[in-house]
Amino acid sequence: MIVVLFGPPGSGKGTQAGLLTGALGVPHISTGELLRAEAAAGTPLGRQVASMLAAGELVPDELIERVLERRLRAPDAERGAILDGYPRTVPQARALDALLAASGRRVDVVVALDVDFRTLIGRLERRAAEQHRPDDNPASIAERLREYHELTEPVLDHYRQQGVPVLVVDGSGDVDAVHRRIVEALESALGHR
Ligand code: AMP
């Protein structure tokens, strides 16, 4: 079961992926978290990406593809994964398709969280105050929203063209309500597995 959790920065992907992990029994893989951990540990990769993370710039496709591939090979991801923050570009989506096809798998479903712009900005500002992520500053937030619009939104059409179900779920309101909407959408699209 490969679920892509899709949505703009601040749409609640990380929170919802964490809740879905329990419901689906597959790990939550956040490429942003993987990169932040590398940067915090000061690995060569982490040093390479630290300034891009802080500026809210996407890291190069080849680099993030390697990070994702390594993580998907781990034994806990054999039964599937909830992907949060990947793919973020059409080339990344193609790379993921090829990677999964090599082990006879595919993206089963895309859950796209829909949140209006003002709510997103409010959530990102609140997270900036609470979590001190280096990229939750006004310039980086603007850059990440611009990238989302230009480079990431086209990924939805890529999946629609492939015939992968794309479930658009209202991501506004409280965390539990959004979680329930996601679970209901998955159940009605895929049935109980
Ligand atoms: P996130 O935690 O998903 O908001 O990601 C934080 C940052 O990590 C992004 O602003 C990018 O700098 C980097 N990043 C995470 N995932 C990707 C990806 N799939 N492609 C490129 N950069 C990424």
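Everything below is about the structure printed above this text.
In this report, we go over the structure that sits alongside the text. Position labels on residues start from 1 in each chain and follow its written sequence. Given that this is a predicted model, residues contribute local features only at a pLDDT of at least 70 and side-chain atom pairs are listed and counted only at 80 or more, while totals for whole chains, interfaces and linings are drawn from all residues. Just so you know, side-chain values use all the structure's heavy atoms and leave hydrogens and water out.

1. Side note on the site of the ligand
As a structural note, the neighbourhood of the ligand is formed by 16 residues, with T31, R36, E57, G85 and Q92 the closest of them. For this analysis, a polar contact is any N or O atom pair within 3.5 Å, provided that within protein one partner can donate a hydrogen and the other can accept it, and provided that sequence-adjacent residues contribute only side-chain to side-chain pairs. At 2.6 Å from an oxygen atom of the ligand is found a main-chain nitrogen or oxygen belonging to E57. Separating a nitrogen atom of the ligand from a backbone N or O atom of V59 is a distance of 3.1 Å. We get accessible surface area from the Shrake-Rupley algorithm with a probe of 1.4 Å; when it comes to residues, only the shown protein chains can shield them. Summarising the interface, the protein chains cover 97% of the accessible area of the ligand, which totals 490 Å² for the free molecule. Here a cavity denotes a set of grid points, spaced 1 Å apart and computed over the protein atoms alone, in which a 1.4 Å probe fits but from which it cannot get out, and a pocket denotes an open set meeting protein on both sides within 12 Å along at least five of seven lines; residues with an atom within 4 Å of a point are reported as lining. To qualify as sitting in a cavity or pocket, a molecule needs more than half of its atoms within 2 Å of the grid points. In a pocket analysis with a 2 Å cut-off to the grid points, the ligand is assigned to the largest pocket. Segments assigned H or I by DSSP are reported as helices when at least four residues long, segments assigned E as strands when at least two residues long, and all are numbered from the N terminus. Of the residues forming the shell around the ligand, the biggest block, four residues, is contributed by helix 2 (residues 31-41). Class assignment of the residues belonging to the shell around the ligand gives a composition of six nonpolar, four polar and six charged. We call a residue near a molecule or strand as soon as one heavy atom of that residue lies within 4 Å of the molecule or strand. Charged means Asp, Glu, Lys or Arg here, nonpolar means Ala, Val, Leu, Ile, Met, Phe, Trp, Tyr, Cys or Pro, and polar covers whatever is left, Gly included.

2. Some points on the environment of S11
If you trace the backbone, S11 turns up in the loop between strand 1 (2-6) and helix 1 (13-24). The buried label applies to any residue whose accessible area, calculated with a 1.4 Å probe on protein chains only, is under 20% of its type's maximum; exposed applies above 50%, and partly exposed to all values in between. Its relative accessible area of 2% is what places S11 among the buried residues. The sequence separation of S11 and G85 amounts to 74 residues, and the corresponding C-alpha distance is 11 Å. Ignoring any residue separated from it by four or fewer positions in sequence, one finds S11 in contact with L113, V115, L120, R123 and G171. Looking at S11, its side chain comes within polar contact range of the main-chain oxygen of P8, at 2.7 Å. Contacts between residues were defined by any pair of non-hydrogen atoms, one from each residue, lying within 4.5 Å.

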